[in-house]
Amino acid sequence: MLIALIAHDKPGALQIRKDTRDAHLEYLKATNVSQAGPLLDNEGGMIGSLIVLDVADMAAAKEWAANDPYAKAGLFENVTLTAWKKVI
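Every chain is numbered independently, its residues counted from 1 as its sequence is written. pLDDT decides what is reported in this predicted model: residues at 70 or higher carry local features, side-chain atom pairs at 80 or more are listed and counted, and totals for whole chains, interfaces and linings draw on all residues regardless. No hydrogens and no water enter the side-chain calculation; it runs on all heavy atoms of the structure.

1. Concerning the nonpolar core
- Side-chain atoms within 4.5 Å link the members of a nonpolar core, which is a set of buried Ala, Val, Leu, Ile, Met, Phe, Trp, Tyr and Cys residues. Using a 1.4 Å probe on the protein chains alone, a residue whose accessible area is under 20% of its type maximum counts as buried, one over 50% counts as exposed, and one in between counts as partly exposed. Counting 15 residues, the largest nonpolar core has Leu-5, Ile-51, Leu-53 and Trp-64 as its most contacted members.
- The set of elements that each furnish at least two residues to this core consists of β1 (2-9), α1 (14-30), β3 (46-54) and α2 (58-67).
- Contacts between residues were defined by any pair of non-hydrogen atoms, one from each residue, lying within 4.5 Å. Beyond its immediate sequence surroundings of up to four residues, Trp-64 is in contact with Leu-5, Tyr-27, Leu-28, Thr-31, Val-33, Ile-51 and Leu-53. Starting at the N terminus, helices and strands are each numbered in turn, a helix being any DSSP run of H or I of at least four residues and a strand any DSSP run of E of at least two.

2. Points about the UniProt feature "domain: YCII-related" (unreviewed entry) in the protein
- UniProt positions are given in the numbering used here, feature names are shortened, and annotations may be inferred rather than shown by experiment. UniProt records the feature "domain: YCII-related" (unreviewed entry) for residues 1-85 in the present numbering.
- Here residues 1-85 is 36% helix and 40% strand, with 8 Å between the C-alpha atoms at its ends.

3. As for the packing of aromatic side chains
- Geometry of aromatic contacts follows a simple scheme: Phe, Tyr and Trp rings, the Trp one being its six-membered ring, pair when their centres are within 6.5 Å, and the pair is stacked under 30 degrees between planes, edge-to-face over 60, tilted otherwise. Tallying each qualifying case throughout the model produces 2 aromatic pairs.
- Each ring, one from Tyr-27 and one from Trp-64, has its centre 4.8 Å from the other, and the planes form 35 degrees; the classification is tilted. With a gap of 37 residues between them, Tyr-27 in helix α1 and Trp-64 in helix α2 connect regions that are remote in the sequence. Each member of the pair, Tyr-27 as well as Trp-64, is classed as buried.
- Between Tyr-70 and Phe-76, the ring centres sit 6.0 Å apart and the planes meet at 85 degrees, which makes this aromatic pair edge-to-face.

Printed below as a string of structure tokens:
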């Protein structure tokens, strides 16, 4: 099952993102991530994340999200998980 995780950073939290980025990227590489990348503002600055998870069910997606180093560091203002169907 594909799940789209969309997370927006807390205002002023860029340093948390930078400090935790290496651990987050290692977590992405070691788990069931289909696609991932940062959300950007109009100037190209990182303001959030879009991650497509390939997991068994929504419970697995919630567990993945809770264990993401970014989430553990308190980076996100909000996170949504939505079932997603790849067409192209």
